[in-house]
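Here are the chains, one letter per residue:
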Amino acid sequence: MSPSADLPVDWLLEVNNLSCGYGNGSVVKDVSFSLSHGDIGCLLGPSGCGKSTILRALAGFLPLSAGEIRLQSQSISLPGRMVAPEKRRIGMVFQDYALFPHLTIADNVGFGLHKENRSEKRQKVMELLALVHLQDLADNYPHELSGGQQQRVALARALAPEPTLILLDEPFSNLDTDLRRRLSLDVRDILKTLGISAILVTHDQQEAFAMCDQVAVLKDGSIQQWDVPYNLYHEPANRFVAGFVGQGGFIPGKALGPDTIESELGIIHGNRAYKWPQGTLVDVLIRPDDIVYDADSDLKPKVVEKTFAGTSTLYRFRCSEDTEFEALFRSHLDFYLGENVPVRVEADHLIAFERTA
Ligand SMILES: Nc1ncnc2c1ncn2[C@@H]1O[C@H](COP(=O)(O)OP(=O)(O)OP(=O)(O)O)[C@@H](O)[C@H]1O
């Protein structure tokens, strides 16, 4: 859980109004967020939005043009002043593992350990390898391991110097879907067990939601919302977040009252009051799980697309040219293309934005 806003917080990481980029241009603009001790944060967004650039600034590889980065209340980056990367106590795990091919797994993990004597080092390395379930492969070489195993070694190596913060740059993107799901949960467990905070960069929102306590959704170098996954999905701050996070699309509507909207799907009541005057034209977010099958409903949109996905089927329905939406039904509810299906809206969260065009 994140601390409540009215309590004084002992932040591990504070990023205040950070701007940075390459050459004279700013790629990241006025980014601010804070991470508390033991939390896992995420930078989520489309390709090119600046996720890795923020990570490079956190690691100390990129100077700031404005703002400040503080770690454990110490300033580590300001315009014109940076603590060197190796002095930050920040570990990194990359997409391509970046293991040394000529070193054994044990030597890879122990590479950054300089203070310990030989036997202390071996003991620490074996403890870390046990943590990532690879103690039996200590004397093997990287090329003898699978991608998932190599990424576990990379994590163990990053954890060895006991960093304050770990940065994970798309660490699972070279792995197949099943493995990346399992490994992301394993990594979360390991970090939580050790109480180590992390920032994960990913464009996979399922991974972000499963692994992280706080997520920043980025667009064009700016944070659109920094929040817990539940709020990003159910309380998106703007239209971009609403469209980027989760499935769903917008249908046109008209405000009848602060929490009531009239649309081709009927009157939609919500859980929040908006300040629009009555009659305001709005776009309402409809998620596939907001639509339920109801044999008694008079609303009977037509199936225009159908995607079978095993236990469920995703339907695309059309009421009119302006009003199309998706619905996810258990696959025993089997309808044919062109069929008119009785449905109704069952949305706990009313998400709508004033229509701009
Ligand atoms: N070394 C560089 N020199 C100049 N421009 C760069 C450099 N690295 C990245 N950029 C530019 O900065 C912008 C943000 O890149 P960044 O790698 O931070 O995006 P990203 O969100 O991590 O994208 P992806 O998900 O594709 O990795 C892009 O427009 C990119 O072209």
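These numbers come from a predicted model, not from an experiment.

1. Here we look at the sheet that holds strand E4 (residues 66-71)
As summarised here, the arrangement of the five strands in space is E2-E1-E4-E5-E6, forming an open sheet in which the pairing is antiparallel. Among the strands making up the open sheet, the edge pair consists of strand E2 (28-36) and strand E6 (81-82). Here two bridges tie strand E5 (residues 74-78) to E6, and the two strands are oriented antiparallel to one another. Looking across to E6, one finds that Leu78 is bridged to Arg81.

2. Overview of the site of the ligand
In the neighbourhood of the ligand, the contacting residues comprise Tyr22, Val27, Gly45, Ser47, Gly48, Cys49, Gly50, Lys51, Ser52, Thr53 and His203. The residue inventory of the shell around the ligand, partitioned by class, reads three nonpolar, seven polar and one charged.

3. Here we look at the pairing of strand E15 (residues 281-286)
Of all six residues that make up E15, five are buried, and the element is covered over most of its length. Sheet topology note: the strand E12 (residues 249-257)/E15 ladder contains six bridges and is antiparallel. Pairing of Gly249 across the sheet is with Ile286, part of E15. The sheet contact formed by E15 and strand E21 (residues 352-354) spans three bridges and is antiparallel. Each residue of the ladder has a partner; that of Val282, found in E21, is Glu354.

4. Looking at the pairing of strand E8 (residues 165-169)
Judged by how many residues are buried, E8 sits mostly within the fold: five of five residues are covered. Along E8, one buried face is formed by Leu165, Leu167 and Asp169 and the opposite face, lined by Ile166 and Leu168, is buried too. Inspection of the sheet shows strand E7 (residues 90-93) paired to E8 by four bridges, in the parallel sense. Of the residues in E8, the one forming a bridge with Val93 is Leu168. Pairing analysis gives five bridges linking E8 to strand E9 (residues 197-202), with the strands arranged parallel. Paired with Leu168 across the bridge in E9 is Leu200. Viewed along the sheet, the connection from E8 through helix H5 (residues 177-194) into E9 turns out right-handed.

5. Describing the environment of Ser197
Here Ser197 shows up in strand E9. A C-alpha to C-alpha distance of 25 Å links Ser197 and Glu120, two positions 77 residues apart in sequence. Apart from the residues lying within four places of it in its own chain, the contact partners of Ser197 are Leu12, Leu13, Leu35, His37, Gly38, Asp39, Ile40 and Leu165.

6. A look at the nonpolar core
Counting residues in each nonpolar core, the largest one holds 92 residues, and the members touching the most others are Leu200 and Ala216. Take this core: its biggest share by element is six residues, from helix H4 (residues 147-159). Mapped onto the domain boundaries, this core takes at least three residues apiece from domain 1 (11-241) and domain 2 (247-354). In this structure, Ala216 is in contact with Phe33, Cys42, Leu43, Leu44, Ile223 and Trp226, ignoring residues within four places of it in sequence.

7. Concerning the confidence of the model for the chain
Across the chain, pLDDT averages 92, with 98% of residues at or above 70. Both confidence scores are given for the complex: pTM 0.87, ipTM 0.97.

8. A word on the sheet that holds strand E17 (residues 302-309)
Across the sheet, three strands lie side by side as E17-E18-E19; this open sheet has antiparallel pairing. Edge strands, defined here as strands with exactly one partner in the open sheet, are E17 and strand E19 (324-330). Recorded for the sheet is a direction-independent mean angle of 20° between the axes of neighbouring strands. Examined bridge by bridge, E17 and strand E18 (residues 312-318) share seven bridges and lie antiparallel to one another.

9. Examining the UniProt feature "domain: ABC transporter" (unreviewed entry) in the chain
Feature annotation in UniProt places "domain: ABC transporter" (unreviewed entry) on residues 13-245, given in this structure's numbering. With 34% helix and 27% strand, residues 13-245 has end C-alpha atoms that lie 25 Å from one another.

10. What about H4?
The first and last C-alpha atoms of H4 sit 18 Å apart over 13 residues, in line with the 18 Å expected at 1.5 Å per residue. Taking burial as the measure, the 13 residues of H4 include 10 buried ones, the bulk of the element. Looking at the buried residues of H4, the elements they touch are E7, helix H2 (105-110), helix H3 (118-131), E8 and H5.

Conventions and cut-offs
Residues numbered from 1 in each chain as written. Predicted model: local features only at pLDDT ≥ 70, side-chain atom pairs only at ≥ 80, totals over all residues. Pairing = 2+ DSSP bridges. Helix = DSSP H or I, 4+ residues; strand = E, 2+ residues; numbered from the N terminus. Near = placed C-beta within 6 Å. Nonpolar A, V, L, I, M, F, W, Y, C, P; charged D, E, K, R; others polar. Buried ≥ 20, exposed ≤ 12 C-beta atoms within 10 Å, placed from the backbone. Right-handed = clockwise from strand over helix to strand, strands pointing away. Contact = placed C-beta atoms within 7 Å. Core = buried A, V, L, I, M, F, W, Y, C linked by C-beta atoms within 7 Å. Domains from an automatic or database assignment. pLDDT = per-residue confidence, 0-100. Axes fitted to C-alpha atoms, helices over the stretch in contact; angles between N-to-C directions. UniProt positions renumbered as here; feature names shortened; annotations may be inferred. Expected span 1.5 Å × (residues − 1).

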